[in-house]
Amino acid sequence: QVQLVESGGGSAQAGGSLRLSCAASGYIYSRYCLGWFRQAPGKEREGVAAIYDGWHYAASAKGRFTISQDTVDNPLYLQMNSLKPDDTAMYYCAVGKCWGSWSEPGKYNYWGQGTQVTVSS
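Residues numbered from 1 in each chain as written. Predicted model: local features only at pLDDT ≥ 70, side-chain atom pairs only at ≥ 80, totals over all residues. Heavy atoms only, no water.

### Comments concerning the overall build of the protein chain
1) Next: Each helix and strand in the protein chain was counted, giving zero helices and 11 strands.
2) Next: Going from the N terminus to the C terminus, the protein chain shows its helices and strands as β-β-β-β-β-β-β-β-β-β-β.
3) Next: Its C-alpha atoms give the protein chain a radius of gyration of 13 Å, within 12% of the compact-globule value 14 Å for 121 residues.
4) Next: When its C-alpha atoms are laid out on the principal axes, the protein chain stretches across 40 × 25 × 25 Å.
5) Next: Sequence separation of 24 or more characterises 58% of the internal contacts of the protein chain that already satisfy a separation of 6 or more.
6) Next: A total of about 6400 Å² of accessible surface is found on the protein chain, and carbon and sulfur atoms cover 47% of it.
7) Next: Counting 10 positive and 9 negative side-chain charges, the protein chain places the centres of these two groups 3 Å from one another. (Helix = DSSP H or I, 4+ residues; strand = E, 2+ residues; numbered from the N terminus. Rg over C-alpha atoms; globule rule 2.2 N^0.38 Å. Contact = heavy atoms within 4.5 Å. Areas by Shrake-Rupley, 256 points an atom, 1.4 Å probe, with all protein chains shown as cover. Lys, Arg positive; Asp, Glu negative; His and termini not counted. Charge placed at Lys NZ, Arg CZ, Asp CG, Glu CD.)

### Examining the state of the cysteines
In a disulfide, the sulfur atoms of two cysteines are covalently bonded to one another.
1) Next: Counted under the stated rule, the structure contains two disulfides.
2) Next: Between C22 and C93 runs a disulfide, and the two sulfur atoms are separated by 2.0 Å. Handedness of the C22-C93 disulfide follows from its S-S torsion of about 55°: it is right-handed. Of this pair, C22 sits in strand β3 (residues 18–25) while C93 sits in strand β9 (residues 89–96), and the two are 71 residues apart along the sequence.
3) Next: Covalently, C33 is tied to C98 through a disulfide, its sulfur atoms 1.7 Å apart. Its S-S torsion of about -70° marks the bond between C33 and C98 as left-handed, since a negative value means left-handed. Here C33, found in strand β4 (residues 33–39), pairs with C98, found in the loop between β9 and β10 (110–111); they are 65 residues apart in sequence, far enough to count as distant. Each of the two residues, C33 as well as C98, counts as buried. (Disulfide = S-S within 2.5 Å. Buried < 20%, exposed > 50% of the residue type's maximum accessible area, 1.4 Å probe, protein only.)

### Let's talk about the packing of aromatic side chains
1) Next: The full count for this structure, using the stated rule, is four aromatic pairs.
2) Next: On the basis of an interplanar angle of 80° and a centroid distance of 4.9 Å, the ring pair of F37 and Y108 is categorised as edge-to-face. With a gap of 71 residues between them, F37 in strand β4 and Y108 in the loop between β9 and β10 connect regions that are remote in the sequence.
3) Next: For F37, a relative accessible area of 0% translates into the label buried.
4) Next: Through a chain of ring-to-ring contacts, three or more aromatic side chains come together here, namely F37, Y92, Y108 and W111.
5) Next: For the cation-ring pair, R45 lies above Y92, with the distance from its terminal atom to the ring centre recorded as 3.8 Å.
6) Next: Against the face of W111 rests R45, its NZ or CZ located 4.7 Å from the ring centre. (Phe/Tyr/Trp six-rings, centres within 6.5 Å; stacked < 30°, edge-to-face > 60°. Lys NZ or Arg CZ within 6 Å of the ring centre and 35° of its normal.)

Remember, this is a structural readout, not a statement about activity or role.
Now the structure itself:
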């Protein structure tokens, strides 16, 4: 059983930065996708970034956010720069067999509990 625990959320001013971390325990298949998603109140959960055969980003995150993992045993990170109020959401890390559909939440098998990010203008 895979368990994921996010941390690093909080409040930031527009233009500021936050770094989210996701610590994983349990066996993670080497071909799994590692992703970050977010969900704002009243909106659907959306993919932000993922690692699967390379790095993938949503258009809203490209150029501002960076997903990284030093080694398979290290946490998964999401460095968020130039934050905007529209980035306000609950952020989740997820692991699963996305098989290329990295931004589809239904493709992921395991989820963390989420960490809140609030960006004020």
